[in-house]
Amino acid sequence: MATGFFSDERCFWHAGGNYAFTLPVGGAVQPLAAGGLPENPETKRRLKNLLEVTGLIRDLDQRSADPASRAALLRVHPANYLDTFKEMSDAGGGELGRRTPFAAGGYEIAALSAGLACAALAAVLDGELENAYALSRPPGHHCLPDFPNGFCLLNNIAIAIEAARARGQARRVAVIDWDVHHGNGTEAIYYDRDDVLTISLHQPRNYPLDTGDAEDRGTGSGRGFNVNVPLPAGSGHAAYLEAFDRIVLPQVHAFRPDVIIVACGFDASAVDPLGRMLATADTFRQMTLRAKEASQTLCDGRLVLVHEGGYSEVYVPFCGHATIEALSGSKTTVADPLGETLAQRQPGPRFDAFVAAEIDALAALLDA
Ligand code: ZN
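(A) Region of interest: the coordination of the zinc ion. Coordination of the zinc ion by the protein comes from Asp-179 (OD), Asp-179 (OD), His-181 (ND1) and Asp-267 (OD), over a distance range of 2.0 to 2.7 Å. Here the zinc ion is ringed by four donor atoms whose angles at the metal span 54 to 155°, and the overall shape comes out irregular. The class for Asp-267 is buried, based on a relative accessible area of 0%.

(B) Focus on the side chain of His-181. By the secondary structure assignment, His-181 is in the loop between β8 (173–177) and α6 (184–190). Taking the relative accessible area as the measure of exposure, His-181 reaches 6% and is therefore buried. A distance of 3.0 Å separates a polar atom in the side chain of His-181 from the backbone oxygen of Leu-274. Setting aside anything within four residues of it in sequence, one finds His-181 in contact with His-141, His-142, Ser-200, His-202, Asn-206, Tyr-207, Asp-267, Leu-274 and Tyr-311.

(C) Highlighting the pattern of salt bridges. Tallying each qualifying case throughout the model produces 21 salt bridges. Where Arg-63 meets Asp-61, a salt bridge forms, and the shortest distance between an N and an O atom there is 3.2 Å. If you follow the salt bridges from partner to partner, you end up with Glu-162, Arg-165, Arg-193 and Asp-195 in one network.

(D) Quick peek at the side chain of Thr-198. For Thr-198, the location among the structural elements is in strand β9 (residues 196–202). Thr-198 has contacts with Val-175, Thr-186, Glu-187, Tyr-190, Phe-225, Asn-226 and Val-227, leaving out every residue within four places of it along the chain.

(E) Structural detail: the sheet that holds strand β10 (residues 226–230). Reading across the sheet, the eight strands line up as β4-β1-β7-β12-β11-β8-β9-β10 and stay open at both edges, with parallel pairing between neighbours. Only two strands of the sheet have a single neighbouring strand rather than two, namely β4 (60–63) and β10. The sheet shows a mean angle of 15° between the axes of neighbouring strands, direction not considered. With five bridges joining them, β8 and strand β11 (residues 259–264) adopt parallel strand pairing. Paired with Val-173 across the strands is Val-259, a residue of β11. Contacts between helix α5 (residues 156–166) and the sheet are confined to β8, β9, β11 and β12 (303–307), with β11 contributing the most and set at about 165° to the helix. This element, helix α7 (residues 237–255), spans β8, β9, β10 and β11 of the sheet and lies at about 175° to β9.

(F) Examining the state of the cysteines more closely. Within this structure, the stated rule accounts for zero disulfides. There is no disulfide at Cys-264, and the cysteine sulfur nearest it, in Cys-319, is 9.2 Å away. Looking at Cys-264, the relative accessible area reads 0%, which means it is buried.

(G) Highlighting the packing of aromatic side chains. Per the stated rule, a full pass over the model turns up 10 aromatic pairs. Residues Phe-151 and Tyr-311 carry aromatic rings whose centres are separated by 5.7 Å and whose planes lie at 70° to one another, so their mutual orientation is edge-to-face. One end of the pair, Phe-151, is in the loop between β7 (131–134) and α5; the other, Tyr-311, is in the loop between β12 and α9 (316–328), and 160 residues separate them in sequence. The buried category is assigned to Phe-151, whose relative accessible area is 9%. Of the aromatic side chains, those joined through ring pairs into one cluster are Tyr-81, Phe-85, Phe-102 and Tyr-107. When the ring centre of Phe-255 is taken as origin, the NZ or CZ atom of Arg-172, which lies over that ring, is 4.1 Å away.

(H) Here's a closer look at the pairing of β8. Burial analysis of β8 places five of its five residues in the buried class, the great majority of the element. Residues of β8 alternate between two faces, with Val-173, Val-175 and Asp-177 on one and Ala-174 and Ile-176 on the opposite face, all of them buried. Two strands pair when backbone bridges link them, and β8 and β9 are joined in this way by five bridges, in the parallel orientation. The partner of Ile-176 across the bridge, within β9, is Ile-199.

Rules used throughout
- Residue positions are counted from 1 within each chain, in the order its sequence is given.
- The predicted nature of this model means local features are confined to residues of pLDDT at least 70 and side-chain atom pairs, given and counted, to a pLDDT of 80 or more, with totals for whole chains, interfaces and linings taken over all residues.
- To get the side-chain values, all heavy atoms of the structure are used, and hydrogens and water are removed first.
- Note on donors: an N, O or S atom is included if it sits within 2.8 Å of the metal, or within 3.2 Å for Na, K and Ca, and water is never included, so sites can look incomplete.
- In this scheme the shape depends on donor count and angles: four donors with every angle between 85 and 135 degrees give tetrahedral, four or six donors with opposite pairs above 155 degrees and others between 65 and 115 give square planar or octahedral in turn, and any other case is irregular.
- Burial classes: relative accessible area under 20% of the type maximum marks a residue as buried, over 50% as exposed, and values in between as partly exposed (1.4 Å probe, protein chains only).
- Only DSSP runs of H or I reaching four residues or more are called helices, and only runs of E reaching two or more are called strands; each is numbered from the N terminus.
- Residues adjacent in sequence count toward polar contacts only when both atoms are side-chain atoms; beyond that, a polar contact is any pair of N or O atoms within 3.5 Å, and within protein one must be able to donate a hydrogen and the other to accept it.
- The contact definition used throughout considers only heavy atoms, calling two residues in contact when any of these lie within 4.5 Å.
- What counts as a salt bridge is simple: a side-chain nitrogen of Lys or Arg found within 4 Å of a carboxyl oxygen of Asp or Glu.
- At least two DSSP bridges between two strands are required for those strands to pair.
- What counts as an axis is a line fitted to C-alpha atoms, over the stretch in contact for a helix, and the angles between N-to-C directions run from 0 to 180 degrees.
- Cysteine sulfurs are considered disulfide-paired once they come within 2.5 Å of each other.
- A pair of Phe, Tyr and Trp rings is counted when the ring centres sit within 6.5 Å of each other, with Trp represented by its six-membered ring. The angle between the planes then sorts it: under 30 degrees is stacked, over 60 is edge-to-face, the rest tilted.
- Consider the ring centre and the ring normal. A charge sits over the ring if Lys NZ or Arg CZ is within 6 Å of that centre and within 35 degrees of that normal.

Below, the structure written as structure tokens:
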């Protein structure tokens, strides 16, 4: 069976807001010549372009999808939020929440972004595809039911999970979020539930500034089913794999999911403007291989990656290519043009030992 690749040009047309980097233009903030938020189409479009240039895309089952239906959106987001979003979108666009601008038609594009995630998950659960990658945009993992934030207007992964559950599938879902920012929206949606395990690896107090602590373990029957793995700024290849092996994989194995979903951001890379980590394309390759192996052991290989952040227009395509090589098992590869440089910039054994001790402490906290 093939690996699915779900994308749609319309997702690259999501736009809006008058920003210079993450700052609203005005006052002392001068407009940028090539303005806008770092969340722009080029990272994703260039990833798709690279897959075409190398030929890897020919090894994938390439599809688009229908937008997520209103009924699907309503399983996660309240009607009054969706109504407000749709009205503003119809009226030419605007901004809701925090750092979530959109232009005319933004509502339909966000629903399409969620629809790509829904279709990817459905095709894997139906056994049409071995696994899948959804190039969703706008991203989703920061979005709470009624509070869009951090470039996220709808929670794509939660919408996909609830659509699958409404069809009687995916009773137990593990979400591994390796975006450098905390997956606060997904955490909030599932904080009191024991059927969706949410794990977030992130740089603490990067974004948001007030969530993501290791002590936040869930509430009620959801207690123990939320796992935050804050990694110190500067963590690189070794630290990410240590966290994966010592925390993420044991948690996922203990949970025994029916499917594994990865909130796949590439902003932990060493050259990302919105993160301060030192991951490389090979880090994402190795994490993907580990997630794939876990899915093969636990749930017949059912694994879906949904694109989240990642803001280096030059490097995200190489990180994504390595990830999709690993996901699909394709032999079509491309050399990492920054690989040798970033190998030299890794933090080194003393820092890695410090992070390993932090991870040991976290593992003990989770076992307590
Ligand atoms: Zn991010």
